[in-house]
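Next come the chains, spelled out residue by residue.
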Amino acid sequence: MPNVPAASALPRRDQIRREAARLFAARGFLGVGVDEIGKAVGISGPGLYRHFAGKDAMLADLLIGISERLLEEGRRRAGGGDGPAAALDALIGGHVEFALDDRDLITLHDRELLNLKEEDRRTVRRLQRGYVELWVDVVRQAYPPLADPAAEPVARAAVHAVFGLINSTPHSLGSNPGQGERSAQGERSGLQRDGMAALLHTLAHGAFAAAADAAVASPGSVGSSIAGSAAVGSAAVGSATVTD
């Protein structure tokens, strides 16, 4: 698991973020009260209002914040200057790290986006679109067959499918060492973090290579068929973290 500081070592506002994300992910935004979040960080519910205006503000802070972080980090990784292949590898690595280290936030994106106020939801969508476009541009540079204008829908569908694959991690990552044979939900442990990271990295590259091969094999018709299949597949594994 990531080496993160204990909650008590974090600034109070970050403690609140962390516990709110955990509780919202576990029980749903509507199922958690302000008093419970306050109790989790050792302050009274009303004391939270010195840091956030309320639950709505906490959720907006979490979802807008992670969308901003993904876009900013994605731009940094894509601009590394070692060529498109290295840029794509860095983007995949960054998103895999996010999926493994911020599983509560993935759950929130999947489940709670509609609970944001309309203005905040538009902000999240705008940031997500920027992140998608960044990936599509890098993928098309890294795989020349996808640079053809006719193959743009294939590249876009492949990006969404890869997001769906990586974002499914909260449902498939094994329990932590020391938690025993079964997780708290009674499910058999799966791959641990390093193994899952390596697998997701390999599968993501394989998906983009397959999309490029398909574009070469059927340049006139592959766009609509792959786009439809990838959209169905990404929706099935929970790609709501990044959407058009």
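Just above, that's the structure.
Quantities reported herein were computed from a predicted structural model and do not represent experimental measurements. (Residues numbered from 1 in each chain as written. Predicted model: local features only at pLDDT ≥ 70, side-chain atom pairs only at ≥ 80, totals over all residues. Heavy atoms only, no water.)

A.B. asks: Kindly report on the overall build of the chain, identifying the contributing residues and their values.
C.D. replies: The secondary structure content of the chain amounts to nine helices and zero strands. In the chain, the order of α-helices and β-strands from amino to carboxyl end is α-α-α-α-α-α-α-α-α. For the chain, buried positions account for 44% of its 244 residues. Sequence separation of 24 or more characterises 70% of the internal contacts of the chain that already satisfy a separation of 6 or more. (Helix = DSSP H or I, 4+ residues; strand = E, 2+ residues; numbered from the N terminus. Buried < 20%, exposed > 50% of the residue type's maximum accessible area, 1.4 Å probe, protein only. Contact = heavy atoms within 4.5 Å.)

A.B. asks: Got a sec to walk through helix H4 (residues 84-101)? Specific residues and values, please.
C.D. replies: The end-to-end C-alpha separation of H4 is 25 Å, in line with the 26 Å expected for 18 residues at 1.5 Å each. Burial in H4 covers these residues: Ala87, Leu88, Leu91, Ile92, Gly93, Gly94, His95, Val96, Phe98, Ala99 and Leu100. On the buried face of H4, the contacting elements are helix H3 (55-78), helix H5 (103-112), helix H6 (118-142), helix H7 (152-167) and helix H8 (193-217). (Expected span 1.5 Å × (residues − 1).)

A.B. asks: Can you lay out the nonpolar core for me, pointing to particular residues and giving the numbers?
C.D. replies: By size, the foremost hydrophobic cluster in this structure holds 64 residues, and its most contacted members are Phe24, Ile37, Leu88, Leu108, Trp135, Leu146 and Phe208. Of all the secondary structure elements, the ones that give two or more residues to this core are helix H1 (12-27), helix H2 (34-41), H3, H4, H5, H6, H7 and H8. A total of 10 residues in this core trace back to one element, the largest contributor, which is H6. Beyond its immediate chain neighbours, meaning those up to four positions away, Leu88 contacts Trp135, Val138, Val139, Ala142, Tyr143 and Phe208. (Core = buried A, V, L, I, M, F, W, Y, C linked by side-chain atoms within 4.5 Å.)

A.B. asks: Can you explain the packing of aromatic side chains? Please cite residues and give values.
C.D. replies: For any pair of aromatic rings, the description consists of the separation of the ring centres together with the inter-plane angle of the planes. Per the counting criterion, the structure on display carries five aromatic pairs. Centroid distance Phe24 to Phe29: 5.1 Å. Interplanar angle 70°. Geometry classified as edge-to-face. By relative accessible area, which is 4% here, Phe29 ends up buried. With a centroid separation of 6.1 Å and an interplanar angle of 65°, the aromatic rings of Tyr131 and Trp135 are classed as edge-to-face. Here Trp135 and Tyr131 lie together in helix H6, a separation of four residues that amounts to about one turn. Relative accessible area serves as the criterion here: at 3%, Tyr131 is assigned to the buried category. Among the aromatic side chains, those forming a connected cluster through ring pairs are Tyr131, Trp135, Phe163 and Phe208. Directly above the ring of Phe52 sits Arg13, whose terminal nitrogen or CZ lies 4.0 Å from the centroid. Its end group placed over the ring of Phe29, Lys55 keeps NZ or CZ at 4.4 Å from the ring centre. (Phe/Tyr/Trp six-rings, centres within 6.5 Å; stacked < 30°, edge-to-face > 60°. Lys NZ or Arg CZ within 6 Å of the ring centre and 35° of its normal.)

A.B. asks: Quick rundown of the environment of Leu71? Include the residues and the values.
C.D. replies: Inspection of the secondary structure assignment puts Leu71 in helix H3. Under the relative-accessibility criterion, Leu71 is labelled buried at 7%. It is 8.9 Å that separates the C-alpha atoms of Leu71 and Val132, two residues lying 61 residues apart in sequence.

A.B. asks: Quick rundown of a nonpolar patch on the surface? Include the residues and the values.
C.D. replies: Where nonpolar side chains cluster on the molecular surface, the patch consists of Leu191, Leu199 and Leu203 and spans about 230 Å² of accessible area. Overall, Leu199 belongs to the partly exposed group, its relative accessible area being 39%. (Patch = residues over 30% accessible without salt bridge, like charges linked within 9 Å, V, L, I, M, F, W, Y side chains within 5 Å. Areas by Shrake-Rupley, 256 points an atom, 1.4 Å probe, with all protein chains shown as cover. Salt bridge = Lys/Arg side-chain N within 4 Å of Asp/Glu carboxyl O.)

A.B. asks: Hey, could you go over the packing of H1 against H2 for me, with residue numbers and the actual values?
C.D. replies: The interhelical angle for the contact between H1 and H2, taken along N-to-C directions, is 125°, at an axis separation of 9 Å. Taken together, the axis directions place H1 and H2 in an arrangement best described as oblique. Like other packed secondary-structure pairs, H1 and H2 cross with a definite hand, here right-handed. Residue-level inspection shows Arg12, Gln15, Ile16, Glu19, Ala20, Arg22, Leu23, Phe24 and Arg27 of H1 in contact with H2, the latter providing Glu36, Ile37, Ala40 and Val41. The class makeup of the residues in the contact of H1 with H2 is seven nonpolar, one polar and five charged. (Axes fitted to C-alpha atoms, helices over the stretch in contact; angles between N-to-C directions. Parallel < 35°, antiparallel > 145°, perpendicular 65-115°, else oblique. Left-handed = near helix turned anticlockwise from the far one by under 90°. Nonpolar A, V, L, I, M, F, W, Y, C, P; charged D, E, K, R; others polar.)

A.B. asks: Got a sec to walk through the packing of H1 against H3? Specific residues and values, please.
C.D. replies: The packing of two helices is summarised by the inter-axis angle and the distance between the axes. Contact pair H1 / H3: the axes reach a minimum separation of 10 Å and the direction vectors enclose 95°. Taken together, the axes of H1 and H3 are roughly perpendicular relative to one another. Contacts from Arg13, Ile16, Arg17, Ala20, Ala21 and Phe24 in H1 reach Lys55, Met58, Leu59, Asp61 and Leu62 in H3.

A.B. asks: Residue-level account of the environment of Ala161, with values.
C.D. replies: Residue placement: Ala161 occurs in helix H7. Sequence separation of Ala161 and Ala207 is 46 residues, and the distance between their C-alpha atoms is 8.2 Å.

A.B. asks: Tell me what's going on with the pattern of salt bridges, and back it up with residues and numbers.
C.D. replies: Across all of its chains, the model carries 15 salt bridges by this definition. The partner of Glu118 in a salt bridge is Arg121, and the shortest N-O contact between them spans 2.4 Å. In this pair, Glu118 and Arg121 both sit in helix H6, three residues apart, roughly one turn of the helix. Given the relative accessible area of 41%, Glu118 is considered partly exposed. Overlapping salt bridges bring together Arg13, Asp14, Arg17 and Asp61 as one network.

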